[in-house]
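# Architecture at a glance
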Amino acid sequence: MKFEDLLLEIGGFGRFQILILFILCLPRINLPMHFLLHNFLAATPSHHCAIPHQQAFVNLTMAEILLISIPREPDGTFRSCEMFSQPQFHLLLNSSLQPENNSIIQHCQHGWVYDHSQFTSTISTQWDLVCEQRGLNQATATFFFVGVTMGAVVFGYLSDRFGRKAMLLLSLGCSVVFGMLSAASISYSMLAITRTLTGVALSGVSLIVLPLGMEWVDVQHRTLSGILVSIFWSIGNMLLAMVAYLVREWHWLLVAVTGPCLLSIVCLWWVPESARWLIANGKVKQAHRHLIRCARMNGRKDFAISPELFLSFHFSQALRRMATDKRSGESYSYISLFRTPVLRKISLCSGAVWFGVAFSYYGMSLNLTGFGLNMYFSQFVFGIIEIPAKMIMYVLVNRVGRRQSQAWTLILTGICIGANVIIPKPFASVRSVVAVMGKGFSEAAFTTIFLYTSELYPTVLRQNGMGYTSFVARLGGALAPLMFLLDEVWISLPEATYCGVAVCCGSVAFLLPETLNVRLPEGIEDVE
C-alpha cells in the first residue's frame, strides 16, 4: 500500500491538514517582507551635491543657490552627482544658458543633500550610497540573495537529514537574530554581513514550508493546498507596502518586518513532523503517532492500529526500501540528483526554469519606480495582482497540466517585459498596465514552479531537489538587481536582458515530464 492510500484512510484533506497549512502560512507571509524589502530599505530619494558656504549667499533664495551651483540635465532637472567648481552667477541673468566648458564641472566634493519628504532615512542616505557608490546600494540586495542561495544548499540537505520541522524552527530563530542585528547595524559592512546571514536563515523557511504542507495532503488536494499557501506570499507583498508606508526609518522598518517571525515560532509547535520523512528515515513509531492524531482530528476514529501492524500492512515497498537504505548507511545527496538519466534531465531543466522565473520576477519586483506609479501603490498593486494570477493557475494546472502552464506563463512574462522596452515613456498608463500583466504572469510562473518541482522529485530527494533548484533560483535573484547597473550602457538593456532570459528559460520547461494526477514518487526507482 502506498502512503497516498494511507492518507485516504486517515483523511487526506481534513481539519488536521487545514490547521497545518494555516499555521505554515504565517511564516510564508513574512518571506516577501524581507525578500522585497530592498525596494524601501535601499530607496534613493532625489538628491544633489551639498553646497559649501551657503551663508555667503544670504541675498539669494535656495532655488537661486542651486541654479548657480548645480548643473542641469537637458530636461531642466538638477544633476544628482555633479556641481560647479565655482558659482556661476551669470545664470541668474539667463538661467537657460548652460556652461559649455565641462572643466568647471566636478563630482560632489562635500557630500549630498537628500529630499526627506518621502523617507526619514534609508541606507542610501545613511551611508551616501549614490553616484559612484550606487553599485554598493544595489549590491545590498545581491548580498541578501547570495545568503538565500547558500541557505538553499544548507537547509535542503539538513531538512532531509534532520527533519522538516526542526530545521524550520532553526531557520526562523536565526532569522529573528540576524534580522534584529541588521536593524542595529552601525556600518555598511555590518549591514551587508547581517543581511547575508538573514538570507541564509530565511532560505530555510522558503524551502521547507511548502513541502512540509504538501507531504500531509493527498493527491486530489495537492494543487489547491499549494495555491492557498502561496496566496499568503501575495498578502505579505501587500502588507510590506503598508508597513513601509507607515515606517519610513530603515532601522525600525527592519524591526517591523522581522518581529512576526517570533509569532511563527510559537505557532509551529503545533505542526507535526512530516510522516513521509519519518517513515523514510525508519522512525515508524513517531509517524504512527502523528497519523493516529491526524485520523482522530479528521473524524476517522475507526483508524486504530498498532505500530507493528502499521509497519506490516501500511508500509509500502518503496518506503520500506528507503528506511532500509537509511539504516544500512546509504544516504542521498545533491549528487544523487544527477546520477540517473531521468533525474539528471529533470534537474538540469528545472534548474534553468527556476533561474528564469526568479531572475524575471525579481527584475520586475525590484523596479517599482520604473513604470510611472507611486512606489507604495506599485508594491500593493504588484501584490494584489498575484492573487487572481494564482486562482487562474489553480484552474490551468489541472486543465492544461503543469508543463504547459509553466512554460507559457514564463514566456508571456518575458513578452510583457520586452513590450515595455518598445512602448514610449510618455505612454505611462499603457506601460503600467503591461507591467502589471507581466507581474501577474511572473507570479503565475513562480506559483507553478513551486508546485511542479515538489512533484518532480521523489520523497528521498525532494528536499535536496528543492534545495538545488532554490539555489539556482537565488542565483537569478542575486543577479537581478545588478542588471539595473547596465542602464549606463543602454537605458533599456536591463529590461531586454530580463525579457531574453524569461523567454529562453520558459522554452526549456517543455522538456520536463507532466505530473498532473500522478502520485508523488517515493524512491528514485519511481522516477526512473
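Cut-offs and rules
- Residues numbered from 1 in each chain as written.
- Predicted model: local features only at pLDDT ≥ 70, side-chain atom pairs only at ≥ 80, totals over all residues.
- Heavy atoms only, no water.
- Buried < 20%, exposed > 50% of the residue type's maximum accessible area, 1.4 Å probe, protein only.
- Helix = DSSP H or I, 4+ residues; strand = E, 2+ residues; numbered from the N terminus.
- Arc of directions from axis to C-beta.
- Disulfide = S-S within 2.5 Å.
- UniProt positions renumbered as here; feature names shortened; annotations may be inferred.
- Phe/Tyr/Trp six-rings, centres within 6.5 Å; stacked < 30°, edge-to-face > 60°.

### As for helix α1 (residues 3–10)
For α1, the set of buried residues is Phe3, Glu4, Leu6, Leu7 and Ile10. The arc that holds every buried residue of α1, seen down its axis, measures 155°, which confines them to one face. Positive phi appears at Gly11, one or two residues downstream of α1, with a value of about 100°.

### Some points on the state of the cysteines
Each disulfide consists of a covalent bond between the sulfur atoms of two cysteine residues. Tallied over the full model, the rule gives two disulfides. Residue Cys49 pairs covalently with Cys108 via a disulfide, S to S 1.8 Å. Taking the torsion about the sulfur-sulfur bond, which here is approximately -65°, the covalent link between Cys49 and Cys108 counts as left-handed. Here Cys49, found in strand β1 (residues 47–49), pairs with Cys108, found in the loop between β3 (105–107) and β4 (112–114); they are 59 residues apart in sequence, far enough to count as distant. In this structure, Cys49 and Cys108 share a single accessibility class: buried. One disulfide in the model links Cys81 with Cys131; its S-S distance is 1.9 Å.

### Points about the UniProt feature "transmembrane region" (unreviewed entry) in the protein
Here the UniProt feature "transmembrane region" (unreviewed entry) sits at residues 139–159, 166–186, 192–212, 224–246, 252–271, 346–364 and 376–396. The distance from the first to the last C-alpha atom of residues 224–246 is 34 Å, and the span holds 100% helix and 0% strand. Between the first and last C-alpha atoms of residues 252–271 the distance is 31 Å; the span itself is 75% helix and 0% strand.

### Quick notes on the packing of aromatic side chains
Scanning all chains against the criterion turns up 22 aromatic pairs. Summarising the aromatic geometry, the rings of Phe338 and Tyr468 are spaced 5.4 Å apart at their centres and angled 85° between planes, so their arrangement reads as edge-to-face. Taken together, the residues span a long stretch of sequence, with Phe338 in the loop between α15 (317–327) and α16 (341–365) and Tyr468 in helix α21 (residues 462–479) at a distance of 130 residues. Using a relative accessible area of 30% as the deciding quantity, one classes Phe338 as partly exposed.

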